[in-house]
Amino acid sequence: MSSTFRWICESTDGLARAGTLHTAHGPVQTPTFMPVGTAGTVKAMTMDAVRSTGAGIVLGNTYHLMLRPGAERVKQLGGLHKFMDWSGPILTDSGGFQVMSLGALRKLDQDGVTFQSHIDGSKHRLDPQRSTDIQHALDATITMCFDECPALPAAPEAIAASMRMSMRWAARSREAFIQREGYGQFGIVQGGTEPELRAESVKALTDIGFEGYAIGGLAVGEGQELMFSTLDVTTPLMPNDKPRYLMGVGTPDDLLGSVMRGVDMFDCVMPTRAGRTARAYTERGHINLRNARFALDARPLSPHCDCLACTRHSRAYLHHLFRADEILGPMLLTWHNLAYYQRLMRGIRAAIVDGTLSAHAEHLRAEWQAGDW
Ligand SMILES: CC1(C)O[C@H]2[C@@H](O1)[C@@]1(COC(C)(C)O1)O[C@@H]2CNc1nc2cc3nc(N)[nH]c(=O)c3cc2[nH]1
Ligand SMILES: [Zn+2]
């Protein structure tokens, strides 16, 4: 049986697709949400807990892992899969975004970025070759091109210059990529919210040719309306037979609207970050468990959830854990939020297969609006 890296589309409903991504580290059903495992850990979760939520693929970060513990050290220890006890596919981001977003002291030039570690101030450099080499050392299943994600809003000419630099870096990233059975590299579409620049970027990347294509440059504060309108002019131009990954997105409503615009893969810190700050996602929207109204609420977080928090504990207990600043609070709530995100994606996928996505979307939005039980 071929272990070639490939995405097989199984159903469509409008622009939405349901499929399977086949990789050297196993298959992943799409649409899929990737828990963020930035520094080789999905914060507050064991990997058994991550597996129990139904997650198929997790995300790692070149920037964080190159600084600590160091990519060569992870390689010496058998690669990121062994290091973090995850045998499924791992996608690693290429580092440019993290350098910019972590505000590390940095100097950008046409070949790459020189920066100081936010951890100890040590000097480092990332460019297409170095980023790709690091992702190889980590044994990432999916390697991301090294790119620049410009802050928005920005003048169209600045967005154009940044995008064209990222396209040059995409070509260099592709040259640096070592092809292996079941491994893939994704190009990253840039171009801000400018339709013509997005189109130019898609063409530049498909001319190079990648195993998948990400939509970058969004989820940087532009808001859902601008994000959706940019997807509307971008996904239809992207290859139909390759996976489409929207980086850094998003809320449950973002995921639903993006799947309906043809996106297959997502990652976002929201469910894990929310899990650490007492924000619970449920079928009825989100609630803050620090709120006094939960002090005597003996119900589970959600009646539809099979996670440990919902099957073994009450809202009152979670309220207590957060009020008492107990470590178990973030652990249980991160588990629940990731379980909710995976259940949401499974339900959306099932609706695409049944051809009932519009009705399912209406149901989801009505439930989110209905407010807590
Ligand atoms: C800095 C941190 C942790 O990354 C998250 C999170 O904050 C935050 C802050 O506000 C929310 C929206 C909640 O997500 O924004 C990040 C999520 N948005 C996002 N991630 C991206 C990653 C990317 N990687 C590459 N290589 N290229 C890109 O163009 C790119 C664009 C991206 N957009
Ligand atoms: Zn739960």
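**Topic: the sheet that holds strand β2 (residues 16-23)**
Pairing is antiparallel in the open sheet, where three strands are placed in the order β1-β2-β3. Either end of the sheet is taken by a strand with one partner, and the two such strands are β1 (6-13) and β3 (26-30). Neighbour-to-neighbour, the strand axes of the sheet open up by a mean angle of 15 degrees, direction not taken into account. Direction of pairing for β1 relative to β2: antiparallel, over a ladder of seven bridges. Bridge pairing in β2 places S11 opposite A18. On top of the sheet, helix α14 (residues 328-354) reaches β1, β2 and β3; it is set at about 115 degrees to β2, its chief contact.

**Quick look at the pairing of strand β7 (residues 106-109)**
Examined bridge by bridge, β7 and strand β8 (residues 112-116) share four bridges and lie antiparallel to one another. Counted as the bridge partner of D109 is G112 from β8.

**Quick word on the sheet that holds β8**
What holds strands together in a sheet is hydrogen bonding between their backbones, with the strands either parallel or antiparallel. Spatially, the three strands line up as an open sheet ordered β7-β8-β9, and their pairing is antiparallel. The open sheet terminates on both sides in strands that have one partner only, identified here as β7 and β9 (123-126). In this sheet, neighbouring strand axes are inclined to one another by 15 degrees on average, regardless of whether the strands run parallel or antiparallel.

**What to know about the site of ligand 1**
Around ligand 1, a shell composed of 17 residues is seen, among which D93, D147, G217, L218 and A219 lie nearest. Take G217: an N or O atom from its main chain is 2.7 Å from an oxygen atom of ligand 1. When isolated, ligand 1 has an accessible area of 640 Å², and the protein chains bury 76% of it. A molecule is said to occupy a pocket when more than half its atoms come within 2 Å of that pocket's grid points, and by this definition ligand 1 occupies the largest pocket. Those elements that place two or more of their residues in the shell around ligand 1 are α5 (96-101) and α11 (270-276).

**Observations regarding the nonpolar core**
L246, F266 and I348 are the most contacted members of the largest nonpolar core, which has 71 residues in total. Beyond its immediate chain neighbours, meaning those up to four positions away, F266 contacts T32, F33, M34, Y245, L246, V249, L255, S258, V259 and M345. Judged by nonpolar contacts, the second largest core, of 17 residues, contains F5, L59, L91 and A214.

**Concerning empty space enclosed by the protein**
Using the criterion set out here, one finds one cavity of 30 Å³ or more in the structure. In this model, the largest cavity occupies a volume close to 40 Å³. Lining the largest cavity are G96, M100, L108, V113, F146, D147, E148 and W169. Its residues placed into classes, the lining of the largest cavity shows five nonpolar, one polar and two charged.

**Details of the packing of helix α10 (residues 252-259) against helix α15 (residues 357-370)**
Relative placement of two packed helices is described by the angle separating their axes and the distance separating the axes. Contact geometry for α10 and α15: axes closest at 11 Å, N-to-C directions at 165 degrees. As summarised for this structure, α10 and α15 are arranged roughly antiparallel, according to the angle between their axes. The way α10 lies across α15 gives a crossing that is left-handed. Between α10 and α15, the residues in contact are P252, D253, L256 and G257 and L357, A361, L364, R365 and W368, respectively. Per-class residue counts for the contact of α10 with α15 are six nonpolar, one polar and two charged.

**Quick look at the confidence of the model for the protein chain**
Model confidence for the protein chain is summarised by a mean pLDDT of 97, while 99% of its residues fall at 70 or above. At the level of chain-chain contacts, confidence expressed as ipTM amounts to 0.97, with global pTM at 0.98.

About the criteria used
- Residues numbered from 1 in each chain as written.
- Chains lettered and ligands numbered in written order.
- Predicted model: local features only at pLDDT ≥ 70, side-chain atom pairs only at ≥ 80, totals over all residues.
- Heavy atoms only, no water.
- Pairing = 2+ DSSP bridges.
- Helix = DSSP H or I, 4+ residues; strand = E, 2+ residues; numbered from the N terminus.
- Axes fitted to C-alpha atoms, helices over the stretch in contact; angles between N-to-C directions.
- Contact = heavy atoms within 4.5 Å.
- Near = heavy atom within 4 Å.
- Polar contact = N/O pair within 3.5 Å; in protein donor to acceptor, adjacent residues only side chain to side chain.
- Areas by Shrake-Rupley, 256 points an atom, 1.4 Å probe, with all protein chains shown as cover.
- 1 Å grid on protein atoms, 1.4 Å probe; cavity = no way out; pocket = protein on both sides within 12 Å on 5 of 7 lines; lining within 4 Å.
- Sits in = over half its atoms within 2 Å of the grid points.
- Core = buried A, V, L, I, M, F, W, Y, C linked by side-chain atoms within 4.5 Å.
- Buried < 20%, exposed > 50% of the residue type's maximum accessible area, 1.4 Å probe, protein only.
- Points joined across faces, edges and corners; volume = space filled by probe spheres on them.
- Nonpolar A, V, L, I, M, F, W, Y, C, P; charged D, E, K, R; others polar.
- Parallel < 35°, antiparallel > 145°, perpendicular 65-115°, else oblique.
- Left-handed = near helix turned anticlockwise from the far one by under 90°.
- pLDDT = per-residue confidence, 0-100.

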